[in-house]
Protein chains: 4
Amino acid sequence: MQVAVVGITGYAGMVLYQLLRQHPEVDGINLYDHKLTKNEKLSEMVPAFYTDETFVQPYSPDSIMADNQLVFFATSAGVTSKLSRPYIEADFPVIDLSGDLRLNDEAEYERWYHKPSASKQALNSAHYGLADFESAHEQKYVANPGCYATATLLGLAPLVQADLIDPDTIIVDAKSGTSGAGKNPAQSTHFTQANDNLQIYKPNQHQHIPEIMLELQHWNDHVKAIQFMTTLIPITRGIMSTIYAKVEPGVDAKQIDRAYKQTYEGKPFVNYTGEHLPDIKQVVGTNNCNIGVVYNPVTGTVMADSVIDNLLKGAAGQAVQNFNQMFDYQETSGLELQTFLP
Amino acid sequence: MQVAVVGITGYAGMVLYQLLRQHPEVDGINLYDHKLTKNEKLSEMVPAFYTDETFVQPYSPDSIMADNQLVFFATSAGVTSKLSRPYIEADFPVIDLSGDLRLNDEAEYERWYHKPSASKQALNSAHYGLADFESAHEQKYVANPGCYATATLLGLAPLVQADLIDPDTIIVDAKSGTSGAGKNPAQSTHFTQANDNLQIYKPNQHQHIPEIMLELQHWNDHVKAIQFMTTLIPITRGIMSTIYAKVEPGVDAKQIDRAYKQTYEGKPFVNYTGEHLPDIKQVVGTNNCNIGVVYNPVTGTVMADSVIDNLLKGAAGQAVQNFNQMFDYQETSGLELQTFLP
Amino acid sequence: MQVAVVGITGYAGMVLYQLLRQHPEVDGINLYDHKLTKNEKLSEMVPAFYTDETFVQPYSPDSIMADNQLVFFATSAGVTSKLSRPYIEADFPVIDLSGDLRLNDEAEYERWYHKPSASKQALNSAHYGLADFESAHEQKYVANPGCYATATLLGLAPLVQADLIDPDTIIVDAKSGTSGAGKNPAQSTHFTQANDNLQIYKPNQHQHIPEIMLELQHWNDHVKAIQFMTTLIPITRGIMSTIYAKVEPGVDAKQIDRAYKQTYEGKPFVNYTGEHLPDIKQVVGTNNCNIGVVYNPVTGTVMADSVIDNLLKGAAGQAVQNFNQMFDYQETSGLELQTFLP
Amino acid sequence: MQVAVVGITGYAGMVLYQLLRQHPEVDGINLYDHKLTKNEKLSEMVPAFYTDETFVQPYSPDSIMADNQLVFFATSAGVTSKLSRPYIEADFPVIDLSGDLRLNDEAEYERWYHKPSASKQALNSAHYGLADFESAHEQKYVANPGCYATATLLGLAPLVQADLIDPDTIIVDAKSGTSGAGKNPAQSTHFTQANDNLQIYKPNQHQHIPEIMLELQHWNDHVKAIQFMTTLIPITRGIMSTIYAKVEPGVDAKQIDRAYKQTYEGKPFVNYTGEHLPDIKQVVGTNNCNIGVVYNPVTGTVMADSVIDNLLKGAAGQAVQNFNQMFDYQETSGLELQTFLP
């Protein structure tokens, strides 16, 4: 199995490449960059791979399809909206880590991403790959979910699917480390600004809101809207999605506990930890989502604490999980990772 | 004006001492420690004051009342519940930074603090000193509010006082730096554990919940409960209280904006910043509480972002503000501090 | 006394402005920016000053000299080399926080700064303002020392001045927080890159080396070169300069101790702490340089640990100290700052 | 192959256990704790292993030797000095990560460790396992080197072995993250104290000094002493050892470069990076030591920048490397780790 990766210079691409290098089913990885015009040494483009002799090739859909069985796009928003077409037309397998094909509607994409959308046809061809719920088996174009969306949806799934909460009361207070903001230096991620600080950003405007809504409504069409806020935290890696909702009348702690247990039983990458609320370090370095839940009878509110590594479960790890599902490999293949301790 | 400080070894005591050293109305500061049996050098007890020649004296209520006009207690929970009595009996001015006399009810104190309460009479003598709303003028025993309580109450006041929100929907997701956890080393504040991590703690159990409830109900007796969560963040100083509530039918962004403006107009230490959401660094080093507010018409939810320096506005700064009110000094006296930049 | 500040948008300018606002001898501060063409609100140019109603004016040497008694330049390298001339010609007082006029020789400047130098005449007019040793009294153009240079020179002075060390063996391993790298975002100060990391930079190339050499040779012409390395540390503020040298035959710990004591006795901003080695937090927030020294008889090596706040003693604080010396104010005027605790 | 691990609750033990779980030659790992009296769940003793069903057994040398082919001790100083005897007498393979058997001399141990030493005979039986230089093949009791010692010795080896430097001029300014200080909370590693700070500790007293000296003298008996300083840095993992020495007359940059290249050619875990000075992040997560070197002809000083992950190359990783050497496994077995990016 030869696979292609486009976008090796970004954080998600770098981590994806590390996973694929250790994946037992992957024999070779071919790297492409849509900004190159001739081959370049990986070790010069990404100094972190200082000992790697691989070359990165200029982007070419023909070579990609000729030399590989699948392509991963780890590109920024606005790239695959333009580049996805030949793959879709050829039914060539794609796993797209960007947000470009996650939504169904062109106008909706443009409203949240402030960029031209892919075509309606392209949007319709894509499968939303929330891997613990929607198998990528037999899919061709997988839109790998966003990091915030993954943590939030996995935290909410049992509550929404089993109709345990008032769908009008969902509030998500999500926190992310700076690696989620990408590699390009900016004022908000300047060490001097980000260190010792908390910064709320994009209030009610985060582009992961519409993909969360689509999936929630796919599960339960009573959910009409969610309140979703994002805060930048002085850590490198990790997301904590703190989720609140009022429970429906009569729902108690036991029912909630049962719903989480049943939903996640047998799912290898989701650990429900009951009232032991997970911290972020429990999952950094792994493809796990850990979820703790506490019900407060005084306020009738359930709080779920859902943590992931934004670059693994929230990006490259889930992409590999989707890859495993697409090709009928063992779901945990290449993902038997250990927490980065201490 | 001579003032006494008990509890100089803790963070709040240290910062309080720094403020009082620069206070134009304070001529002398006498330090006492309830664990000492003989005088000790401050510079040895608190190495941060390495150039200070002051001595700390053993605790003695008689000396304190003889030599000072007021005593600040910057002690941990469980100290003034035992020590407050002689001052109350003598009508001697006290500003108590601990939580021991903030509640009205002995059982309630014991439930949240897991320690024996002060007497009912002592609890009743204390004034809850949320300085921007409840003047300490003519008060004798001021219970200085908790750090989380201050950020949360100031963020909620305009909404609750003007009846703009459904009182049954208040959710507070509060984040604090490690200095709020005090000076004693513990596993959760070990650098190796706290760095690169977020840790939710005391879910629905934080001892600041009851004092927040008392004040909210004092403002609006429709508030029956709040959902209040605390997360430990890898920063040294600062609290961000992110507050959510559903607005009452018909309430819009303009009304909310007007309420914040009217409530905080003329209050020197509260800055309402409209839709510009403050980060924590805006206030660290000052006695300010900065509050930004965004209303989301899609969910009918208002979000307030209230930030303070936990050791100043959340402890020593507010204590000095109360001191100024008690003695009719200018409210900003000794508190004209500048943000710690950058 | 009206003073001008050029360069308010940088970190040193921001901190300088804070100091001057509290300086008892300063009646007014006029802000100028060499990139402006019309007046702009300070609060918009520097969001940290969100409550400040001041306007920043376009740069004009004529207005500056007409409306002020002194101008501070807190500009980057390459600005005052071009702008200093009219002030020098008019004998108008300048305190220049940039490195542009710290050296004596045009070629030397261009070699270390990689920019065109000021004229030889301008270089010769400038006084190197290492305030604890070289008084700015009666000086007109003060070249305020660099941050690394300040920590290193104060740490070395007693050893070099009293000829206690072999001048050929000086090694300085200096560490700085990210605020020393300025406000412009860059890869090395991106939080994701700087956090959890140590990065050595500019080995043997740091532009503070020649100013350190000039001053050392001014003290003792046996010093021919120093080994000077800089490491970027994941902290916001502070420099630690760890200094090593072999002592001259016969020199012992007592002599070293005496030299430091004698050199710094009575100097208000330098604290010699003996064998208690200062950490960086002891000085952050103040204009102090704290120095601890340990002699190792096994290796015949003395180690000095010299710490400063890079934006205060290493920039704006020392600039105010020079200002006080120039105008015969009390040396500590406006600089009675307290450590930022905890 | 069954292996025993004693000391799973410490950081080195935790990381070692993670490595062994993935080691292709290890069939089973039996955990023992010298503080237990009955079996306990690993998941309760070390919450980080929350999904691991393993039990930890009380310490028993008989069971250890009966059920395993080797024992790793990841215990603190002062434990194996008491426990090593039965294994030595039985010629049973031990890899000891503590410092207890690294020195040759009882008095020397007691001087640096302030604890009773193992017997002279025990000290003499131990092999100092600096794995890139001293093979553990056919050894029985391996004293795994200290973290600082490893980074420092690997950085110095080519210079000392090839006699390129004046042996009297070695200065090491070493920096470590807080995980090196172990798991027990202390004032210096309290987040509030360690964050935004640099703290020099144990000046000229660090217990790794004597093991560094022994190995240096083993290589070159002209080295009589080194100047060695340690600074605590606000990062979790990683050591940077910055090494300075005067070169011998006539030695130039080329010779130095050649010595590093020759020394480390073919060694799988040491990367010589020439004048590209490695930052700490290059190696965190791996068993690598990366070394960059810059020669300064102005001062005649060579500077080597040697970085390791203190818990891998500086502890558990090197222990596994020694294990591979002892049992003639491939040297990189179980150690094909990837840098933790970004």
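Since the model is a prediction, treat every value here as computed from it, not as a measurement.

Caption draft 1: Examining the overall build of chain A more closely. The helix and strand tally for chain A stands at 12 helices and 15 strands. Against the globule reference of 20 Å for 342 residues, chain A gives a C-alpha radius of gyration of 20 Å, in line with a compact fold. Reported as C-alpha extents along the three principal axes, the dimensions of chain A are approximately 65 × 45 × 40 Å. Relative to its full complement of 342 residues, chain A shows a buried share of 67%. Of the contacts formed within chain A by residues at least 6 apart in sequence, a portion of 70% connects residues at least 24 apart. Of the roughly 11,700 Å² of accessible surface on chain A, 46% is carried by carbon and sulfur atoms. Separation between the mean location of the 23 positive side-chain charges and that of the 39 negative ones in chain A comes to 4 Å.

Caption draft 2: Region of the structure containing the interface of chain A and chain B. The partner chain B presents 42 residues to the 42 residues of chain A that form the contact. Approximately 3,500 Å² of surface area, both sides summed, lies buried where chain A meets chain B, with 63% of it carried by carbon and sulfur atoms. The largest share of the area that chain A buries against chain B comes from A:Leu198, A:Ile200 and A:Tyr244, three residues that together contribute 17% of it. Counting every contact that joins chain A to chain B gives 4 salt bridges. Salt-bridge contacts for B:Asp168 lead to A:Lys246; the nearest nitrogen and oxygen are separated by 3.8 Å. In this assembly, chain A and chain B are joined by 26 residue pairs in polar contact (both at pLDDT 80 or more). Sorting the residues of the side of chain A that touches chain B by element identifies β9 (171-176), α9 (191-194), β10 (199-201), β11 (227-232), β12 (239-246), β14 (289-296) and β15 (301-308) of chain A as the ones contributing at least two each. Per-class residue counts for the side of chain A that touches chain B are 20 nonpolar, 14 polar and 8 charged.

Caption draft 3: Region of interest: the relation of the copies chain A and chain B. Structural alignment of chain A on chain B gives an RMSD of 0.0 Å, achieved by rotating through 180° and translating 0.0 Å along the axis. Taken together, the turn and the small shift mark the pair as related by a two-fold rotation axis. Take the interface residues of chain A: 100% of them recur as interface residues in chain B, which is what a same-surface contact looks like.

Caption draft 4: Quick peek at helix α10 (residues 209-219) of chain A. Among the 11 residues that make up α10(A), 8 are buried, leaving the element largely enclosed by the rest of the structure. On its buried face, α10(A) is in contact with α6 (106-113), β7 (126-128), α8 (147-161) and β11 of chain A.

Caption draft 5: Here's a closer look at the domain arrangement of chain A. Residues and elements named next belong to chain A. One can read the domain layout of chain A as domain 1 (2-145 + 313-326) and domain 2 (148-310). A C-alpha centroid distance of 25 Å is found between domain 1 and domain 2. Between domain 1 and domain 2, the residue contacts involve 22 residues of the former and 34 residues of the latter. Across the interface of domain 1 and domain 2, roughly 2,200 Å² is buried in total on both sides, 60% from carbon and sulfur atoms. Contact with domain 2 buries surface across domain 1, with Trp112, Phe133 and Lys313 losing the most and accounting together for 32% of the total. Scanning the region where domain 1 abuts domain 2 turns up 1 salt bridge. We note a salt bridge from Glu211 to Arg102, for which the minimum N-O separation is 2.7 Å. Joining domain 1 to domain 2, the criterion identifies 11 residue pairs in polar contact (both at pLDDT 80 or more). Looking at the side of domain 1 that touches domain 2 element by element, the count peaks at 6 residues for helix α12 (residues 312-326). Classifying every residue of the side of domain 1 that touches domain 2 by side-chain character gives 11 nonpolar, 6 polar and 5 charged.

What counts and how
- Residues numbered from 1 in each chain as written.
- Chains lettered and ligands numbered in written order.
- Predicted model: local features only at pLDDT ≥ 70, side-chain atom pairs only at ≥ 80, totals over all residues.
- Heavy atoms only, no water.
- Helix = DSSP H or I, 4+ residues; strand = E, 2+ residues; numbered from the N terminus.
- Rg over C-alpha atoms; globule rule 2.2 N^0.38 Å.
- Buried < 20%, exposed > 50% of the residue type's maximum accessible area, 1.4 Å probe, protein only.
- Contact = heavy atoms within 4.5 Å.
- Areas by Shrake-Rupley, 256 points an atom, 1.4 Å probe, with all protein chains shown as cover.
- Lys, Arg positive; Asp, Glu negative; His and termini not counted.
- Charge placed at Lys NZ, Arg CZ, Asp CG, Glu CD.
- Buried area = accessible area lost by both parts, 1.4 Å probe.
- Salt bridge = Lys/Arg side-chain N within 4 Å of Asp/Glu carboxyl O.
- Polar contact = N/O pair within 3.5 Å; in protein donor to acceptor, adjacent residues only side chain to side chain.
- Nonpolar A, V, L, I, M, F, W, Y, C, P; charged D, E, K, R; others polar.
- Least-squares fit on C-alpha atoms with pLDDT ≥ 70 in both.
- Domains from an automatic or database assignment.

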